[in-house]
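Coordinate inspection notes
Listed below, chain by chain, are the residues.
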Amino acid sequence: MPPYITPAPVPATFVPHAAHRMTSKDQLAGLAQAMGRSLSQAVTFDPASQTYGCRISEQRATAQGVFLYALSEVYGQPDRNTAEQIASAQAMHVLSNEISNVAIAVLR
């Protein structure tokens, strides 16, 4: 009989402690970290309309100095979380397009 490896005893079922659905905020944070980008987020509240807004930006250096470059801006959302999620999704698209443009330029 040929020798074989006996598997170690493992539980039959494995359930993680808390199921975590990755949101656009999580995806943006991971993408920004992978690209080495430092993003800032500013959430605003408009008391007149009782709505929220969110702006995600990053610092960019130019010949005139450093300024905040807005990747996404969202206004008029019913709650803070919705504003953050939509702004994060928009910023992810911007960063994804930048990655694609750099890859295309490198391949040319």
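Source: prediction; values computed, not measured.

Here we look at the overall build of the protein chain
When helices and strands are counted, the protein chain shows two helices and three strands. For the protein chain, the N- to C-terminal ordering of α and β elements is α-β-β-β-α. The proportion of buried residues among the 108 residues of the protein chain is 21%. Counting only contacts in the protein chain whose residues sit at least 6 apart along the sequence, the fraction spanning at least 24 positions is 41%. When the accessible surface of the protein chain is totalled, it reaches about 8300 Å², and 59% of it is carbon and sulfur.

Some remarks on the sheet that holds strand β3 (residues 65-77)
Spatial ordering of the open sheet is given by β1-β2-β3, a layout of three strands whose pairing is antiparallel. Two strands in the sheet have a free side with no partner beyond their single neighbour: β1 (39-46) and β3. The sheet shows a mean angle of 25° between the axes of neighbouring strands, direction not considered. The pairing of β1 with strand β2 (residues 51-62) spans eight bridges and is classified as antiparallel. Among the inter-strand pairings, A42 is bridged to a residue of β2, identified as R55. Of the strands in this sheet, β1, β2 and β3 touch helix α2 (residues 80-107), which is tilted by about 130° from β3.

Reading the values: rules and limits
Residues numbered from 1 in each chain as written. Predicted model: local features only at pLDDT ≥ 70, side-chain atom pairs only at ≥ 80, totals over all residues. Heavy atoms only, no water. Helix = DSSP H or I, 4+ residues; strand = E, 2+ residues; numbered from the N terminus. Buried < 20%, exposed > 50% of the residue type's maximum accessible area, 1.4 Å probe, protein only. Contact = heavy atoms within 4.5 Å. Areas by Shrake-Rupley, 256 points an atom, 1.4 Å probe, with all protein chains shown as cover. Pairing = 2+ DSSP bridges. Axes fitted to C-alpha atoms, helices over the stretch in contact; angles between N-to-C directions.

Without other data, these values stay purely geometric and don't point to any function.
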